[in-house]
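Letter by letter, the chains look like this.
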Amino acid sequence: MKAVIVGGGIIGGAIAWRLARDGVAATVLERGRLGREASWAAAGMIAPQAEAQSAGLFFDLCMAGRRVFAATVERLIADSGVDPEYDAQGILYLALDAAEHAELTARARWHRECGALVEELSPAEARRLEPAISPAIVHALHFSDNRRVDNRKLTQAYVAAALAAGAAVRENARVDAIVTAGGRATGVRLDDGARLDADLVIIAAGAWSHEIRGLEGDRVRLFPVRGQILCFEARPRLLGPALFSPRGYLVPRRDGRILAGSTMEEAGYDQSVTLAGIEKIARGVAAMAPAIGELRFREAWAGLRPATRDLLPVLGPSPTAPNVIWATGHYRSGILLSALTGEVIADLVAGRRPAIDPAPFSAARFARDRVDL
Ligand code: GLY
């Protein structure tokens, strides 16, 4: 079987790896450079308990994402030779006022009801775990099995593992349209007019996924949500756990860098870093861990989260061309959901039963949706 994967980010890489392992001849087509969009811009948290705001479909998906990631990462390291720095210090979720305290207490309750691991900490207990947190913290949760990776290395790992398993990748290859015959895809056409035949086409092009012509009937639409990140230099292990709060987050890297995020902006496809974004992130840093404000500033960047109208990913066959598979719209959780998405898509292709029911994530939900695009 020949598969074309449109999009060479973390999702395309993860799918290519899993398909190639199953013996599928997978080719990744990337319009620019591999892994240089949202996969590169992310902070790298494997943080289901920080990202989901309530029990239900999305939380269950994120928890499955964490489980599959944990079950997959050693094989990925072995197959790729790349260490994605899957660090185990957990995530400390901080409250700075009474309203946030109440939110954390409620969050701890529903996490426990769902069977997730959560510990409620007094300010003194939280400070013992991470002395750099602000004296103004009033309450904290520790998610000890939520972790982090270096998302750039993780993307490299998926691509390297895919190549080692026999996949091919092409950069600067922009797909213009799906080529169809008799209601099925027969391949893709590139913007230079070249055609690539395929038995299967997978759309993993993030915020650009809906620009590929030929699937308009699916009514899938992606909205870019800009996130800016500031990066500081510190000595390694200055921060232990990643810090998260309604005001932002801080994520340490093994080499000492500390990433501070982020913004949630509708700015079209503009990937600028702005003074307003820097100010917003800096206020969050000062509230969570004021000592970070003394560190040397290194760089800043921005990326585009791929959001759908209901903020859920789109996973599974196209309702209009069943051998086209959507794997996009991962919004804030593409790193967390990368291993799960690769596995689910490979399972669907091979006819195996996936770890999650993909039906609620089908593009069919948009055809039922009466909202004008
Ligand atoms: N997952 C963190 C973010 O999207 O900012």
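Residues numbered from 1 in each chain as written. Predicted model: local features only at pLDDT ≥ 70, side-chain atom pairs only at ≥ 80, totals over all residues. Heavy atoms only, no water.

Peer 1: Help me understand the overall build of the chain in this model?
Peer 2: Across its full length, the chain carries 10 helices and 19 strands. In terms of overall size, the chain behaves like a compact globule, its C-alpha atoms giving a radius of gyration of 21 Å where 373 residues would be expected to give roughly 21 Å. Its C-alpha atoms give the chain principal-axis dimensions of roughly 65 × 40 × 40 Å. Counting over 373 residues, the chain shows a buried share of 56%. Contacts in the chain between residues at least 24 apart in sequence constitute 74% of all its contacts with a sequence separation of at least 6. For the chain, the exposed surface amounts to about 15000 Å²; the carbon and sulfur share of it is 51%. Put simply, the chain has 45 plus and 43 minus side-chain charges, and the middle of one group is 1 Å from the middle of the other. (Helix = DSSP H or I, 4+ residues; strand = E, 2+ residues; numbered from the N terminus. Rg over C-alpha atoms; globule rule 2.2 N^0.38 Å. Buried < 20%, exposed > 50% of the residue type's maximum accessible area, 1.4 Å probe, protein only. Contact = heavy atoms within 4.5 Å. Areas by Shrake-Rupley, 256 points an atom, 1.4 Å probe, with all protein chains shown as cover. Lys, Arg positive; Asp, Glu negative; His and termini not counted. Charge placed at Lys NZ, Arg CZ, Asp CG, Glu CD.)

Peer 1: Please clarify how the packing of aromatic side chains should be interpreted in this entry.
Peer 2: The description of two aromatic rings rests on the distance between their centres and on the angle between their planes. Scanning all chains against the criterion turns up 9 aromatic pairs. Judged by centre distance (5.1 Å) and plane angle (55 degrees), the rings of Phe-69 and Tyr-86 are tilted. Of this pair, Phe-69 sits in helix H4 (residues 57–80) while Tyr-86 is found in the loop between H4 and strand E4 (91–95), placing the two residues 17 residues apart along the sequence. Of the two residues examined, Phe-69 and Tyr-86, each falls in the buried class. With a centroid separation of 5.4 Å and 20 degrees between ring planes, the pair formed by Tyr-93 and Phe-244 is classed as stacked. Here the residue Tyr-93 occupies a position in strand E4, and Phe-244 occupies one in strand E14 (residues 242–245), the gap between them amounting to 151 residues. Judged by relative accessible area, Tyr-93 falls into the buried class, the value being 3%. On the basis of relative accessible area, Phe-244 is assigned to the buried category, the value being 6%. Positioned above the aromatic ring of Trp-17 is the side chain of Arg-21, whose terminal nitrogen or guanidinium carbon lies 4.8 Å from the ring centre. The ring of Trp-301 has Arg-152 sitting right over it, with the charged end atom 4.4 Å from the ring centre. (Phe/Tyr/Trp six-rings, centres within 6.5 Å; stacked < 30°, edge-to-face > 60°. Lys NZ or Arg CZ within 6 Å of the ring centre and 35° of its normal.)

Peer 1: How should the sheet that holds strand E18 (residues 314–317) be read in this particular structure?
Peer 2: Sheets are built from strands that pair by backbone hydrogen bonding, the pairs being arranged parallel or antiparallel. Sheet architecture is open: 6 strands sit in the order E8-E2-E1-E12-E19-E18, paired in mixed fashion. Only two strands of the sheet have a single partner each, and these edge strands are strand E8 (168–170) and E18. Each neighbouring strand pair of the sheet contributes to a mean axis angle of 20 degrees, computed without reference to strand direction. Taken strand by strand, helix H1 (residues 10–21) contacts strand E1 (2–6), strand E2 (25–29), strand E12 (200–203) and strand E19 (324–328), and its axis lies near 165 degrees from that of E1. (Pairing = 2+ DSSP bridges. Axes fitted to C-alpha atoms, helices over the stretch in contact; angles between N-to-C directions.)

Peer 1: Just checking my understanding: could you explain the nonpolar core for this structure?
Peer 2: Side chains of a nonpolar character, in soluble globular proteins, are inclined to be buried together. Ranked by size, the top nonpolar core spans 47 residues in total, and within it Ile-5, Leu-19, Phe-69, Tyr-158 and Ile-202 carry the most contacts. Among the secondary structure elements, those contributing two or more residues to this core are E1, H1, E2, H4, helix H7 (151–164), E12, E19 and helix H9 (338–350). The element that contributes the greatest number of residues to this core is H1, accounting for 8 residues. Ignoring any residue separated from it by four or fewer positions in sequence, one finds Phe-69 in contact with Ile-46, Tyr-86, Val-149, Leu-154, Tyr-158, Ile-335, Ser-338 and Ala-339. (Core = buried A, V, L, I, M, F, W, Y, C linked by side-chain atoms within 4.5 Å.)

Peer 1: Please clarify how unusual backbone geometry should be interpreted in this entry.
Peer 2: Glycine aside, a negative phi is what most residues show, and trans is what most peptide bonds show. Put simply, Gly-261 and Ser-262 share a cis peptide bond, and its omega is -15 degrees. Residue placement: Ser-262 occurs in the loop between strand E16 (257–261) and helix H8 (275–288). Phi angles above zero are rare outside glycine, and Arg-219 is one such case at about 55 degrees. Position of Arg-219 relative to the elements: it lies in the loop between E12 and strand E13 (223–233). Its relative accessible area of 25% is what places Arg-219 among the partly exposed residues. A positive phi angle, near 65 degrees, is found at Arg-237, a position not held by glycine. Relative to the helices and strands, Arg-237 is located in the loop between E13 and E14. With relative accessibility at 71%, the residue Arg-237 sits in the exposed group.

Peer 1: What should I look at first to understand the site of the ligand in this one?
Peer 2: As a matter of local geometry, the ligand sits amid Glu-51, Tyr-249, Ser-262, Arg-305 and Arg-332. Residue Glu-51 places a side-chain N or O atom 2.8 Å away from a nitrogen atom belonging to the ligand. Here an oxygen atom of the ligand sits 2.6 Å away from a polar atom, N or O, in the side chain of Tyr-249. Against a free-state accessible area of 200 Å², the protein chains account for coverage of 86% of the ligand. Its residues assigned to classes, the shell around the ligand comprises 1 nonpolar, 1 polar and 3 charged. (Near = heavy atom within 4 Å. Polar contact = N/O pair within 3.5 Å; in protein donor to acceptor, adjacent residues only side chain to side chain. Nonpolar A, V, L, I, M, F, W, Y, C, P; charged D, E, K, R; others polar.)

Peer 1: Is there a simple way to explain the side chain of Ser-362 in this structure?
Peer 2: Counting through the fold element by element, Ser-362 comes out in the loop between H9 and helix H10 (364–367). Setting aside anything within four residues of it in sequence, one finds Ser-362 in contact with Val-314 and Leu-315.

Peer 1: Hey, could you run me through the packing of H1 against H4 in this one?
Peer 2: The relative placement of two packed helices is expressed as an angle between their axes plus a distance between the axes. Interaxial distance between H1 and H4 falls to 13 Å at its minimum, and their mutual angle equals 80 degrees. Between H1 and H4, the crossing angle belongs to the class labelled roughly perpendicular. Contacts between H1 and H4 pair Trp-17, Arg-18 and Arg-21 from the former with Thr-72, Arg-75, Leu-76 and Asp-79 from the latter. Each residue belonging to the contact of H1 with H4 can be placed in one class, and the counts come to 2 nonpolar, 1 polar and 4 charged. (Parallel < 35°, antiparallel > 145°, perpendicular 65-115°, else oblique.)

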